[in-house]
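Breakdown of the fold
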Amino acid sequence: MPSKLTAPRGTQDILPPQSGAWLELESRIHDLARRFGYAEIRTPVFEGTELFVRGVGETTDIVEKEMYTFLDKGERSMTLRPEFTAPVMRAALEHNLFSQGPQRLYYVGPIFRYERPQKGRYRQAHQFGVECTGFSGPEADAEVIALAWELVRSYGLTDATLNVNSIGDDVCRPRYRQALLEHFRPHAAELSADSQRRLEKNPLRLLDSKDERDRPFVESAPAFASVLCDACREHDDALQALLSACGIPFVVNSRIVRGLDYYTRTVFEITSSALGAQSTVCGGGRYDGLVKSLGGPDVPAVGFALGLERFLMMAEAVHGARVAPRDGVQAIALGAQARAVALPMVMELRRLLRAPVFMDFDDRKLLAHLKIADRNKARYALILGSDELAAGTVVVRDLETREDRRVPLGRAADVAAALGESRA
RNA sequence: GUGAUCGUAGCUCAGUUGGUUAGAGCGCCUGACUGUGACUCAGGAGGUCGCCGGUUCAAAUCCGGUCGGUCACCCCA
């Protein structure tokens, strides 16, 4: 292919019929969130860079090397959002939402990360996520997890696994860190180069290393559960009991640590074998310190982000590409005169019917028009030629049963009724 | 950022040790069929062989670079 204009690396165009799957997912997301009592929030696609540096964490990979940052014409450093949590908290803070009690917010939209693309990973990706603020108890954790799981469940994604873990709080995390250091340090020389580097910086990260050399040490590492403080222990136990009571299947996975700095206590991931190496479709947890660190009140929060591209990949792996059922009407008018009569009726039908009404304006033979109807997966064809015009009728052909019916050409409502699909 | 691998019609791919005008299937258009679709048959359109440079009498084919796709590492949705 000649190197003409192409979509930037790591981005993709979503064309029909794939865009149909997106539309359906998004509409189910809005419906699901609404039923859980969450309201949508929309924030700018770019923000001042400082927000992400403070909100996501200065030493995280996202901030260190994955952000699309640029100077605007006023010399301000701006960044395309690499995630939603910091912007949502910023907006909530800016508009004083926290002084109005607990908030249940959700978002859907694109995020940007400058990474090498691979399966399930893009430079522009789309996320659905929720943020539940103002509740410090495990019920909020359970609610948020239940919401994410409900989406997975409603799609029948049977190969998904919910992994839950606790990474403690200010009291016990330092203790755990210490325990890990003591565990790994004696074997430092035997660890992978990456892990040696991570050891002093962030020993928690060693736990999700995929390197074979690290495996034996990771497996024998102490679980966070062994050093959890009483408060965190209680929170975690209660969460697990709630999940069980709600009939949500989960596994406790002590290797789930999450990469963003702001998490406290509960962390969880929904993973699937259908996604290749990027096996996480949804990740989230509690981040009680985030709002305060952004200069706001001490408000607890839980949330998650779910990758739409990855979710759709899972859905396709389980269900295959969907075959759309026949739906709608193809209006076929033969000749200019017939078109002039048909067009107003088509417009009227588009008001009366819920299903799509297709019409091609080219001068073609009936045969060609029927082929187009077939390609459009129309259920009915409305045929208006010179014979019909003279008789004041229109032929309604059921493209599935191949039955023809003649109905009077008078009112579109009669035609709609003949199609038996008029809108309530 | 690192590594592997691949770039030939809209799509999926052939193309023999470098050798004339680069092929197939699907899709698209037209016709067989004055007005009744998934089948059939016959035609047709569509390609600077990703791009740039090199080797050669000769490059889709060999070499180098570059861009892009894919997969993995890192990290994450």
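To keep things clear, this report deals only with the structure shown in the data block. Residue positions are given per chain, counted from 1 along the sequence in the order it is written. Each chain takes a letter, starting from A, and each ligand takes a number, starting from 1, following the order in which they are written. Local features in a predicted model are, by the rule used here, given only for residues with pLDDT of at least 70; side-chain atom pairs are given and counted only at 80 or more, and totals for whole chains, interfaces and linings are based on all residues. Side-chain figures throughout are based on the complete set of non-hydrogen atoms in the structure, without hydrogens or water.

Turning next to the overall build of chain A. The helix and strand tally for chain A stands at 15 helices and 16 strands. Put simply, the radius of gyration uses C-alpha atoms, and a globule should come to 2.2 Å times the residue count raised to 0.38. Relative to a compact globule of 424 residues, whose C-alpha radius of gyration would be 22 Å, chain A shows 28 Å and is clearly more extended. Taken along the three principal axes of its C-alpha coordinates, chain A extends 95 × 55 × 50 Å. For this analysis, residues touch if any pair of their heavy atoms sits within 4.5 Å. For chain A, the share of sequence-separated contacts (at least 6 apart) that also reach a separation of at least 24 residues comes to 68%. Only four residue types enter the charge count, namely Lys and Arg as positive and Asp and Glu as negative; His and the chain termini do not. Working definition for charges: the position is that of NZ of Lys, CZ of Arg, CG of Asp or CD of Glu. Charged side chains in chain A number 55 positive and 57 negative. The centres of these two groups are separated by 5 Å. Helix numbers and strand numbers start at the N terminus; a helix is a DSSP run of H or I with at least 4 residues, a strand a run of E with at least 2.

Further remarks concern the layout of surface pockets. In this analysis, the protein atoms alone were mapped onto a 1 Å grid. Cavities are point sets where a 1.4 Å probe fits without being able to get out; pockets are open sets with protein on both sides within 12 Å along at least five of seven lines; lining residues have an atom within 4 Å of a point. Grid points are joined across faces, edges and corners, and a volume is the space filled by probe spheres set on the points. Approximately 710 Å³ is the volume attributed to the second largest pocket. Forming the boundary of the second largest pocket are 17 residues, of which Pro17, Gly20, Ala21, Arg322 and Ala324 lie nearest the centre. Taken together, the elements giving at least two residues each to the lining of the second largest pocket come down to helix H1 (18-35) and helix H11 (308-319). Across the lining of the second largest pocket, the residue classes tally to 10 nonpolar, 4 polar and 3 charged. Charged means Asp, Glu, Lys or Arg here, nonpolar means Ala, Val, Leu, Ile, Met, Phe, Trp, Tyr, Cys or Pro, and polar covers whatever is left, Gly included.

The next point concerns the pattern of salt bridges. Salt bridges are defined by distance alone: a side-chain nitrogen of Lys or Arg within 4 Å of a carboxyl oxygen of Asp or Glu. Counted by the stated rule, this structure contains 24 salt bridges. When the shortest N-O distance is used, the salt bridge between Asp141 and Arg286 registers 2.6 Å. Here Asp141, found in helix H5 (residues 138-154), pairs with Arg286, found in strand E10 (residues 280-286); they are 145 residues apart in sequence, far enough to count as distant. A single salt-bridge network, built from bridges that share partners, covers Asp31, Arg34 and Arg35.

In this structure, Arg265 sits in strand E9 (residues 264-272). Here the alpha-carbon distance between Arg265 and Tyr287, two residues 22 residues apart in the chain, equals 7.8 Å. Leave out the neighbours within four places in its chain, and Arg265 touches Asn165, Ser166, Ile167, Gly168, Asp169, Ala231, Cys232, His235 and Arg286.

A separate point is the nonpolar core. As a rule of thumb, soluble globular proteins bury nonpolar side chains together. Only buried residues count toward a nonpolar core, which is a set of Ala, Val, Leu, Ile, Met, Phe, Trp, Tyr and Cys residues joined through side-chain atoms within 4.5 Å. Accessibility here uses a 1.4 Å probe with only protein chains present; expressed as a share of the type maximum, an area under 20% marks a residue as buried, one over 50% as exposed, and anything in between as partly exposed. By size, the foremost hydrophobic cluster in this structure holds 50 residues, and its most contacted members are Met89, Tyr176, Leu180, Phe184, Leu207, Phe224 and Tyr287. Counting residues in hydrophobic clusters, the runner-up holds 41 residues, among them Val144, Val164, Val302 and Phe311.

Strand pairing is defined by DSSP finding a minimum of two bridges between the two strands. If you walk across this open sheet you meet the 8 strands as E1-E5-E6-E11-E10-E9-E7-E8, and the pairing is mixed. Of all strands in the sheet, those with a lone pairing partner are strand E1 (39-40) and strand E8 (251-252), marking the two edges. Pairing of E10 with strand E11 (residues 301-307) involves 5 bridges; the strand directions are antiparallel. Bridge pairing links Gly283 to Ala305 in E11. Think of each axis as a best-fit line through the C-alpha atoms, taken over the contacting stretch in the case of a helix, with angles from 0 to 180 degrees between the N-to-C directions. Strand contacts of H1: E1, strand E5 (103-112) and strand E6 (124-133), with the helix running at about 160° to E5, the strand carrying the most contacts.

This part is about the packing of aromatic side chains. Two rings from Phe, Tyr or Trp (for Trp, the six-membered ring) form a pair when their centres are within 6.5 Å of each other. A pair whose planes differ by under 30 degrees is stacked, one over 60 is edge-to-face, and the rest are tilted. A full pass over the atoms with the stated rule returns 9 aromatic pairs. Arranged with centres 5.6 Å apart and planes meeting at 85°, the rings of Phe128 and Phe304 form a pair that is edge-to-face. One end of the pair, Phe128, is in strand E6; the other, Phe304, is in strand E11, with 176 residues separating them in the sequence. Pair check on accessibility: Phe128 and Phe304 agree, each one buried. Summarising the aromatic geometry, the rings of Tyr263 and Tyr287 are spaced 6.1 Å apart at their centres and angled 75° between planes, so their arrangement reads as edge-to-face. Highlighted residues: Tyr263 in the loop between E8 and E9 and Tyr287 in the loop between E10 and helix H10 (290-293), separated in sequence by 24 residues. Side by side, Tyr263 and Tyr287 carry an identical accessibility label, which is buried. Counting every residue linked through ring pairs, the aromatic cluster contains Tyr106, Phe128, Phe268 and Phe304. Charge-over-ring contacts are defined here by two conditions on Lys NZ or Arg CZ: a distance within 6 Å of the ring centre and an angle within 35 degrees of the ring normal. Arg28 extends its terminal NZ or CZ atom over the ring of Tyr155, reaching a point 3.9 Å from the ring centre. Over the ring of Tyr114 we find Arg123, and its NZ or CZ is 3.9 Å from the ring centre.

This part takes up helix H9 (residues 230-245). Every helix has an expected span of 1.5 Å times one less than the residues it contains. The terminal C-alpha atoms of H9 lie 22 Å apart, and with 16 residues this matches the ideal 22 Å at 1.5 Å per residue to within 8%. Of all the positions in H9, only Cys232, His235, Asp236, Leu239 and Leu243 are classed as buried. Taken end-on, H9 shows its buried residues confined to a sector of 95°, consistent with a single buried face. Pointing more than 90 degrees away from the buried face of H9 are the exposed residues Asp230, Glu234 and Ala245. Within this analysis, the arc is defined by the directions that extend from the helix axis to the C-beta atoms.

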